[in-house]
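Examination of the molecular architecture
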Amino acid sequence: MNSNLALPLPHKQVRQSSTAEIGDRIFVVGGKIVLLVLLGLAVLLPLLAIFWRGFSNDAGQGGGWVAAKELVTSENFHWLLGNSLKVSLSVAAIVVPLAYLFAYALQRTLIPGKGIWRGISLLPLMAPSMLPGIALVYLFGNQGMLRGLLSDNIYGFWGIVLGEVIYTFPHALMILLSALSLADARLFDAASSMGASPAKAFRSITWPATRQAVFAAFCLVFTLTITDFGVPVVVGGDYQVLALEAYKAVVGQQQFGRGALIGMVLLLPALFSFGVDAWLRRRQGDSMSGRAQVFKPLPSKWRDGCYLVIVLLICAALLLVFGMAVFSSLVKFWPYNLSLSFNHYQFNETAGGGWLAYSNSLKMALGTALIGSVLIFTGAYLMEKTRTQRGLNLTLRLLSFVPMAVPGLVLGLGYVFFFNLTGNPLHVLYGTMTLLIVCTIAHYLTTAQMTATTALRQLDAEFEAAALSLKAPLYRHYLRVTVPICLPALLDIVRYLFVSAMTTVSAAIFLYSPDTILAAVAVLNMDDAGNVGGAAAMSTLILFTSAGVSLLLAWASRGLLRRSQAWRQTAPGH
Amino acid sequence: MFKPMALAAAVLATFSLNAFAAKTELTVYTALEAEQLKSYKEAFEKANPDVEIKWVRDSTGIITAKLLAEKARPQADAVWGLAASSLAILDQQGMLQSYAPKDLGKIGANYRDAANPPAWVGMDVWAATICFNTVEAEKQGLTKPVSWQDLTKPEYKGKIVMPNPASSGTGFLDVSAWLQTFGEKQGWAYMDGLHQNIGQYVHSGSKPCKLAAAGEFPIGISFEYPAVQLKRQGAPLDIILPKEGLGWEIEATAVIKGTPHEEAAKKLADFSASAEAMDLYKENFAVLAQPGIAKPQTELPADYEQRLIKNDFAWASKNRDEILAEWRKRYDGKSEKVVAK
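Residues numbered from 1 in each chain as written. Chains lettered and ligands numbered in written order. Predicted model: local features only at pLDDT ≥ 70, side-chain atom pairs only at ≥ 80, totals over all residues. Heavy atoms only, no water.

Right, let's get into the overall build of chain B. Across its full length, chain B holds 14 helices and eleven strands. Computed over the C-alpha atoms, the radius of gyration of chain B is 21 Å, within 12% of the 20 Å expected from 2.2 N^0.38 for a compact globule of 341 residues. In terms of its C-alpha atoms, chain B occupies a principal-axis envelope of roughly 70 × 40 × 35 Å. Within chain B, counting contacts between residues at least 6 apart in sequence, those at least 24 apart form 73% of the total. When the accessible surface of chain B is split by element, carbon and sulfur atoms take 53% of a total near 13,600 Å². (Helix = DSSP H or I, 4+ residues; strand = E, 2+ residues; numbered from the N terminus. Rg over C-alpha atoms; globule rule 2.2 N^0.38 Å. Contact = heavy atoms within 4.5 Å. Areas by Shrake-Rupley, 256 points an atom, 1.4 Å probe, with all protein chains shown as cover.)

Let us now look at empty space enclosed by the protein. To find leftover empty space, a probe the size of one water molecule is rolled over the atoms. Residue and element names in this part refer to chain B. In the structure shown here, the tally under the stated rule is six cavities of 30 Å³ or more. Within this model, the largest cavity holds a volume of roughly 240 Å³. Around the largest cavity, the lining is made up of 26 residues, and of these Ala31, Glu33, Arg57, Thr60 and Phe223 lie nearest the centre. Here the lining of the largest cavity is built from residues that sort into ten nonpolar, ten polar and six charged. Considering the residues around the second largest cavity, the lining is formed by 14 residues, among which Pro101, Val121, Thr253, Ala254 and Ala269 are closest to the centre. Elements supplying a minimum of two residues to the lining of the second largest cavity: strand E5 (121-133), strand E10 (248-256) and helix H10 (262-272). (1 Å grid on protein atoms, 1.4 Å probe; cavity = no way out; pocket = protein on both sides within 12 Å on 5 of 7 lines; lining within 4 Å. Points joined across faces, edges and corners; volume = space filled by probe spheres on them. Nonpolar A, V, L, I, M, F, W, Y, C, P; charged D, E, K, R; others polar.)

Residues and elements named next belong to chain B. Residues annotated in UniProt with the feature "binding site: Fe cation" (unreviewed entry) correspond here to Tyr225. You can see tyrosine 225 is positioned in helix H9 (residues 224-232). Apart from the residues lying within four places of it in its own chain, the contact partners of tyrosine 225 are Glu33, Glu35, Gln36, Asn284 and Phe285. (UniProt positions renumbered as here; feature names shortened; annotations may be inferred.)

The next thing to look at is the side chain of A:Glu245. Along the chain, A:Glu245 turns up in helix H10 (residues 242-252). Those residues in contact with A:Glu245, other than ones at most four positions away along the chain, are A:Leu80, A:Gln240, A:Arg258 and A:Ile262.

Using the criterion set out here, one finds 25 salt bridges over all chains in the structure. Among the charged side chains, a salt-bridge network with shared partners connects B:Asp192, B:Glu326, B:Lys329 and B:Arg330. (Salt bridge = Lys/Arg side-chain N within 4 Å of Asp/Glu carboxyl O.)

Another aspect to go through is helix H6 (residues 169-182) of chain B. All names here are of chain B. Counted at 1.5 Å a residue, the expected span for H6 with its 14 residues is 20 Å, and the 20 Å between its end C-alpha atoms agrees. Across the 14 residues of H6, twelve count as buried, placing the element largely inside the fold. Considered for burial, the residues of H6 that qualify are Gly169, Thr170, Gly171, Phe172, Leu173, Asp174, Val175, Ser176, Ala177, Trp178, Leu179 and Phe182. Just beyond H6, the residue with positive phi is glycine 183, at close to 85°. (Expected span 1.5 Å × (residues − 1). Buried < 20%, exposed > 50% of the residue type's maximum accessible area, 1.4 Å probe, protein only.)

On the side of chain A, 39 residues touch chain B, which itself brings 40 residues to the contact. Summed over both partners, the interface of chain B with chain A buries about 3,300 Å², with 49% contributed by carbon and sulfur atoms. Run the count over chain B and chain A and you get three salt bridges. Two residues, A:Asp527 and B:Lys207, come together in a salt bridge whose shortest N-O distance is 3.6 Å. Contributions of two or more residues to the side of chain B that touches chain A are made by helix H2 (34-47), strand E2 (51-57), helix H3 (60-69), helix H5 (134-140), strand E7 (198-202), helix H8 (207-213) and helix H14 (335-340) of chain B. Of the residues assigned to the side of chain B that touches chain A, the class counts are 15 nonpolar, eleven polar and 14 charged. (Buried area = accessible area lost by both parts, 1.4 Å probe.)

Low pLDDT marks regions whose predicted coordinates should not be analysed in detail. Residue and element names in this part refer to chain B. Per-residue confidence for chain B gives a mean pLDDT of 89, with 91% of residues at or over 70. This model gives residues 15-20 a pLDDT under 50, and the stretch forms two contacts once residues within four places in sequence are excluded. Across residues 334-341, confidence stays below pLDDT 50; counting only partners more than four residues off in sequence or on other chains, it has 13 contacts. The complex prediction reports pTM at 0.87, with the ipTM value standing at 0.81. (pLDDT = per-residue confidence, 0-100.)

This next bit is on the packing of helix H6 (residues 157-181) of chain A against helix H8 (residues 198-227) of chain A. Residues and elements named next belong to chain A. At a minimum axis distance of 9 Å, the contact between H6 and H8 shows a crossing angle of 155°. Here H8 runs roughly antiparallel to H6, going by the angle between their axes. Here H6 runs over H8; the crossing is right-handed. Listed contacts from H8 to Glu164, Tyr167, Thr168, His171, Ala172, Ile175, Leu176, Ala179 and Leu180 of H6 are Thr206, Thr210, Ala213, Val214, Ala216, Ala217, Leu220, Val221, Leu224 and Thr225. (Axes fitted to C-alpha atoms, helices over the stretch in contact; angles between N-to-C directions. Parallel < 35°, antiparallel > 145°, perpendicular 65-115°, else oblique. Left-handed = near helix turned anticlockwise from the far one by under 90°.)

It is worth spelling out the state of the cysteines at this point. What makes a disulfide is a covalent bond joining the sulfur atoms belonging to two cysteines. Evaluated as defined, the whole model comprises one disulfide over all chains. A sulfur-sulfur distance of 2.1 Å marks the disulfide that ties B:Cys131 to B:Cys209. Between B:Cys131 and B:Cys209 the sulfur-sulfur dihedral comes to about -95°; the bridge is accordingly left-handed. Note that B:Cys131 is positioned in strand E5 and B:Cys209 in helix H8, a separation of 78 residues in sequence. B:Cys209 shares its class with B:Cys131; the two are buried. Looking at A:Cys306, it has no disulfide partner, and the nearest cysteine sulfur is the one in A:Cys315, 16 Å off. (Disulfide = S-S within 2.5 Å.)

In the segment running from A:Trp334 into A:Pro335, the intervening peptide bond is cis, with an omega of -10°. Relative to the helices and strands, A:Pro335 resides in the loop between strand E1 (331-333) and strand E2 (337-340). With an omega of -5°, the peptide bond between B:Asn116 and B:Pro117 qualifies as cis. Position of B:Pro117 among the secondary structure elements: in the loop between strand E4 (96-97) and E5. The phi torsion at A:Gln389 lies on the positive side, around 50°, for a residue other than glycine. Positionally, A:Gln389 belongs in the loop between helix H13 (354-385) and helix H14 (390-401). Here A:Gln389 falls in the partly exposed class, since its relative accessible area comes to 28%.

Right, dumping it as structure tokens:
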């Protein structure tokens, strides 16, 4: 960046190479140090602040060792913890098998319309977690359309479980899809030539290769459920869970210490599953060898028919829920006047935050997507493609894995504690859009970084060697060669960050101010005020925005692939 | 980021000769209904073009907790529309700047802080109401309740929603009124009975009435403003004023001590007590702090004001913490167990 500041040197050639060298040094070392500082401020210190806050006993904050002991031994806490565990285990036990069947159908059978089913299955990612809850109220609440199908109303345990099943389904599905995408056809050939039944082949080939992913999916669903308060707040009724209690303690009663303590409890399952998952991964190692042949399923009417029915049922359920949310946002006065209107979209007349919230969300999502993708992709590049400062690389890699194990709710609490500290010069950021963007990038960092790393690892290190021998500065190589080649992956990161920022509520709920209120937060506020129609309308708007942007980026990515990425098709093995 | 800017704006406003008057940004905490904010803000800014209101709105309990939590470093400049019992707590903590607004003389003696100058000045009164869905009542064969005691009848099991008093001012005024009218022991016994029939405790005071209007739960313990509004929109509601009397609260205004925008905050307090502001309030409320302005609301009976109970605010705000702790212990997060007993 500041490469022009190099001192003028007598020989032209020497000067050229040294400018490049200084430029590179600034790019590589400077870039890494900037990343380190950012990760420290955006990830590490806020997390430390939780522990500090949880164990400091300021009056009226509900923190400290005594309060911790009281909390953990109280009957109320046991009740909340028991509820949280029951809900999360039930959700994981329901979602993982369903997602496995769905993923199996998409990867290992020949059912028609795979693209459509995949698209529908991703719908829950496009809306805040309150949306399934709202739709369930309209379906199975006391005035719900399908109320007659249930003996009791939806509020409580089953409402939360059903809502979370819908919300977490695509998360589990994505892990299982990628696990099931890898299979060595030679193993199946060998199995069938030895006379093994398909069931036996599944038990001895497919299951061992995917059980780690099943565990990972189980853990992810468990963690997402136990830390989500969007669904419980809408359909929980009086069935309360820990995540909701943390939210109420901080937002409702301003008891930051108590919130921090519950936050720490919620961090435990995430840390535990993260540790076990990493351990399993190391034990399993690489199962696919370079000589593997890609498995292509053979046609089988009976099998494909069964799987098509399963996929259709799941997609129908998802469409019913999302269709209901859209429909309810258009109904004038549920349930007595079912004529359609856009009344609920007149946000400025009602509580919440109105159109300001929606435009803030757009700004936040754009900022997160653009700034985040540049930072994350450049960071991944520096970590993957430079051989100097190994210690720094390792530290950066470790730090960027931390957010994976930290639920948004806990991260958001950490931000409140850290950035609201008296004497912290960064306090000026509190309540600003900047902080919301920083927090959202940090929250979704790991997944985006993994996408970037995977794409970068596909590129041969020879590229960098060639650049070096041509004495071309690395940053120029990065901008002119690496970025264009990896554009599809980069667009994927942009899409992921945009959609996540549009829908997130877990961390943002603690960080917004009246000027920076977000659409997903407005959904929550409107539902709280009893304006369920407005909440449905705002959720619908978020859904369509996320889906629209995703489609647009997918289309752009496909166009790019066709034009500039033609080499990919000719490359063997792709 | 906007804080230093606001400060700069304030400095500018103080020193400028009104020629290029920069607007003072006044951070106002409120628990008013969201639908009311727009017209109140517009009217105030029209009367005071040099001041701009920045709202922070939430339920009574939450705004109170927020103000108390920020005691060391207040973020609010003024409070416009918060329960008087909450403001009394802030006053006990020394957080309010006493100020006599210009029209203080016209404010009814019951509707202001007794001290001189007062720490808070009332705007209007809101009171407990039962919202009763007539369509659902017919469908489900429910008789119309006429008293608070009626609500404990077994026929209403799971059919009633009420606001959680910890977060909602309306919820708290209900609990405080039951304890005052029935006596403490009978009051809690009454709530034990009522608890058996509660379908849900919710976050805000208006939500029960909205849920009742939509038939989600046929009976909502709420207050008269959403009831009247929803009825005007055509919801099939009966507005029931229980015969034992109505718990009520004063919605009031105060200046936060130490605000850098004291002048602007006082202008707000002046405006809030003026006849002009009462004209705004009367659209939403039947009882106002300035007597003689209110217009009767056709949805409410003529003797509405006489149905309010004799309310001891000093007692309510002094015991608020204990009452809420007891309520939480009995009903919050243990609903299943109590039902099982």
